Amino acid sequence: MWDKILYLDICAAPVYMIIWFATIYRKLTRGRSNILYLWLTGVAFVTVLSELAAGFSMQSFPLSKDRLMFVTACEYVYFITRNATNTLYIFYIFSITETWYRIKGLWKKILLALPYIAILILLLFNNKKWSVFTVSAANGYARGDAIIALYFFATAYMIFGVCYLIFQRHTLEPAIWGAIFSMYVFNLIAVIIQFIHPELLIECYSTSMTLLFIVFFVQRPERLVDMSTGLPGYRAFCEEIRKLAATGQEVSLVISNMSNAEEMRHYLGEQTYLQLIYAIESIVGSCLKKERVSYSIYFEQPGNFYYIFEDMDYNPVQIISEVRNTINTFVEKDIESGAIPDFKVVSLNYPADISEPDELFRFGHIFARFADPDKIFSRCTTIISRQDYQVETHIDDILNRAMDSHGVKIVYQPVWSVKDNRFVSASVRINISDEIFGDIKESLLLRAAEERGVIIRLGNYVLDQAFSFAGDEAFKNSSLDRICVTLSVTQCMQMDLTDKIWSLRDKYKIRPETIEFSIRESVYKNISSVFNDNIIKLSMQGYRITLDRYGAGFSDMQHILSMPLASVKIDKYILATAASSEKGRSLLEGSIAMIKNIPLEVAAKGVNNKDMSDMLIAMGADLLEGDYYSKALSGDELLNIVD
């Protein structure tokens, strides 16, 4: 008589359905780990269905011939799939710990599957000796003597899996590791219970619960998927790289940056832009399949693609032209848009080219700025060997060396007043000559410091030096009216900026009128209440505020009109354009006239010859700064020439 309790199997079946629905609905269907998990869940679902089918077919005895054949078939399916879950779970562990390279060869996978192959052989010969199980018309299912071999092979998988998870515990977060490890803990308990009480079918239910834990703690879409596209996301890429770092695996990476991604998305609209992203992923995938290359893809908004190749010898250059042409054709025909995506592509070997994960992540975000503007494809080694990239990467060390050895030199660029016919002020400049990188351009230094978050330290030093110079008796007795200091974006967003400046004012006993603060035009796109409050407070305290680099970005007249500005500095790019074309000259002349009519003073940087000086004076510029009048000078040199 059949005495099995099917309640737990009945409960397990809908759990597997929920897992499958949740996995597919949350778009966790791409990538080796996700595919293995779907296979694992699917095989486990077949296991419980076969056990349920056999159980319901043995509710009454004796079994008819048809029912006997059906139950026997169900038991074979049960044993095949039940033991397959152990093998698939081992492969899943290798994938989720990013150690698949350890079993990359076919023979290694076969070696890992040997216990399961042995189980299949036992089942193959079971119908001759009935050594694993028997099914009779009178008594139904019964265990055979060789079933202990199945438990032995399953135990071998469990011991291997437990040891491997312990060995690789540093590659996974504790919650993820615990969820994966729980499979062996709960299944061991379930196997012992079911071995002692064969009537209590608890194994399949235990497996379903542990696979559900993996849904909660491992297969999380917010961790793995970019939800707008359904592609594996940037966070998943970061986790994979950290796992690679922990395991020491070497891979080849290709990073593709769509530099005009934001503009494309605004121009095309969200849905059409997503259509473009899907098309790019599909086109690249098709080309790589033709190349028979195994890869993983990750996407980061708004337009970065990351590809990981286990094949270190693959060269992506050979498909770039085909991919670009196909994408452009798709945009022209299917999207019917004149906007063409602007790609920059770089390849590198990890960790040979870049060894630190955080540096790799940063490189992926900035490499396009350092790549050759005339080329789509670059090698990582070409970019990281450039001085500007090296300076930006090592700016912390450069500043530490400069500060420790007093190597940060403050110089002053005199500013000529057309009206007063004399130098009336001087702009603070920074010079650093590093023992490793040599002389570093000020623009590169400031950009690197801003990017790496060390601009506050440098900015505080510059402020202190400028206030100290302005408070010196020699400066007070000179004919100079003020010193101009440029504030960075980060400084403008500091809530304690005005407090720092007030302290410097008290420390060096200076009048606010002797300090002019220059704000770059690019700062305005970062405008906030803190920024606005800082500028208004400084202006109300008597400090002069100037807008620097006007014309270098998208000039917003609303901000110019609303902020308490005293003058506007024309960017040297506009001056260069005016010197070489009539259109540029007209633009410069119109800009000067407009600013003076507000009315604000007009200053110009980069005045390096007499023709440019004469042109600006004729157009009505008020303040001129550049090598034509004077190069940047030390404090003593500045005071000598103005006296």
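Residues numbered from 1 in each chain as written. Predicted model: local features only at pLDDT ≥ 70, side-chain atom pairs only at ≥ 80, totals over all residues. Heavy atoms only, no water.

Chemist: Help me understand the overall build of the chain, please; the structure alone is not making it clear to me.
Modeler: A tally of regular secondary structure across the chain gives 29 helices and 16 strands. Relative to the compact-globule value of 26 Å for 643 residues, the chain shows a C-alpha radius of gyration of 35 Å, a clear excess of over 25%. Over its C-alpha atoms, taken along the principal directions, the chain stretches across nearly 115 × 55 × 40 Å. In the chain, which comprises 643 residues, the proportion classed as buried is 52%. Of the contacts made within the chain by residues no fewer than 6 positions apart, 70% connect residues no fewer than 24 positions apart. Of the side chains in the chain, 62 bear a positive and 72 a negative charge, and the two mean positions are spaced by 4 Å. (Helix = DSSP H or I, 4+ residues; strand = E, 2+ residues; numbered from the N terminus. Rg over C-alpha atoms; globule rule 2.2 N^0.38 Å. Buried < 20%, exposed > 50% of the residue type's maximum accessible area, 1.4 Å probe, protein only. Contact = heavy atoms within 4.5 Å. Lys, Arg positive; Asp, Glu negative; His and termini not counted. Charge placed at Lys NZ, Arg CZ, Asp CG, Glu CD.)

Chemist: Looking at this structure, how should I read the nonpolar core?
Modeler: Generally speaking, nonpolar side chains in soluble globular proteins are found buried as a group. Within the largest apolar cluster, 79 residues are counted, with the highest numbers of intra-cluster contacts made by L458, F467, I483, F517, L588 and L616. Broken down by element, this core gets its largest block of residues, nine residues, from helix α20 (residues 455-471). Not counting residues within four places of it along the chain, the set of residues in contact with L616 comprises L575, L588, I592, A604, V607, A621 and L624. With 64 residues, the next largest nonpolar core counts L36, L112, Y151 and M183 among its residues. (Core = buried A, V, L, I, M, F, W, Y, C linked by side-chain atoms within 4.5 Å.)

Chemist: How should the packing of aromatic side chains be read in this particular structure?
Modeler: Two aromatic rings are characterised by how far apart their centres lie and by the angle between their planes. By the definition in use, this model includes 36 aromatic pairs. Taking the centre distance of 5.9 Å and the plane angle of 50° together, the rings of F91 and W100 count as tilted. In this structure F91 comes out as buried when scored by relative accessible area, which is 11%. Aromatic ring contacts, followed pair by pair, group Y295, F299, F305, Y307, F309 and Y314 into a single cluster. A cation over an aromatic ring shows up here: R505 above the ring of W502, its NZ or CZ 4.8 Å from the ring centre. (Phe/Tyr/Trp six-rings, centres within 6.5 Å; stacked < 30°, edge-to-face > 60°. Lys NZ or Arg CZ within 6 Å of the ring centre and 35° of its normal.)

Chemist: Please explain unusual backbone geometry as it appears in this structure.
Modeler: Note: most peptide bonds trans; most residues except glycine with negative phi. Along the chain, Q301 connects to P302 via a cis peptide bond; the corresponding omega equals 5°. As for its position among the elements, P302 is in the loop between β4 (295-300) and β5 (304-309). Cis peptide bonds are those with omega within 30 degrees of zero, and the linkage from I598 to P599 qualifies with 10°. In this structure, P599 sits in the loop between α27 (582-596) and β15 (601-605).

Chemist: Got a minute to help me understand helix α18 (residues 395-404) in this structure?
Modeler: Along an α-helix, residues three or four apart share an orientation, since each turn contains 3.6 residues. When we look at burial in α18, the residues that qualify are I395, I398, L399, A402 and M403. Viewed along the axis of α18, the buried residues span an arc of 125°, placing them on a single side of the element. Where α18 is buried, its residues contact α17 (387-393), β8 (408-417), β9 (422-434), β10 (438-440), α19 (442-451) and α20. H406 sits one or two residues past α18 and shows a positive phi near 55°. (Arc of directions from axis to C-beta.)

Chemist: Can you walk me through the pairing of strand β14 (residues 567-570) in this structure?
Modeler: Burial along β14 is two-sided: the residues S567 and K569 and V568 and I570 are all buried. Two strands pair when backbone bridges link them, and strand β13 (residues 544-550) and β14 are joined in this way by three bridges, in the parallel orientation. Opposite Y550, over in β14, you have I570 as the bridge partner. Here β14 pairs with β15 via four bridges, running parallel. Across the sheet, residue K569 finds its bridge partner in β15, namely A603. (Pairing = 2+ DSSP bridges.)

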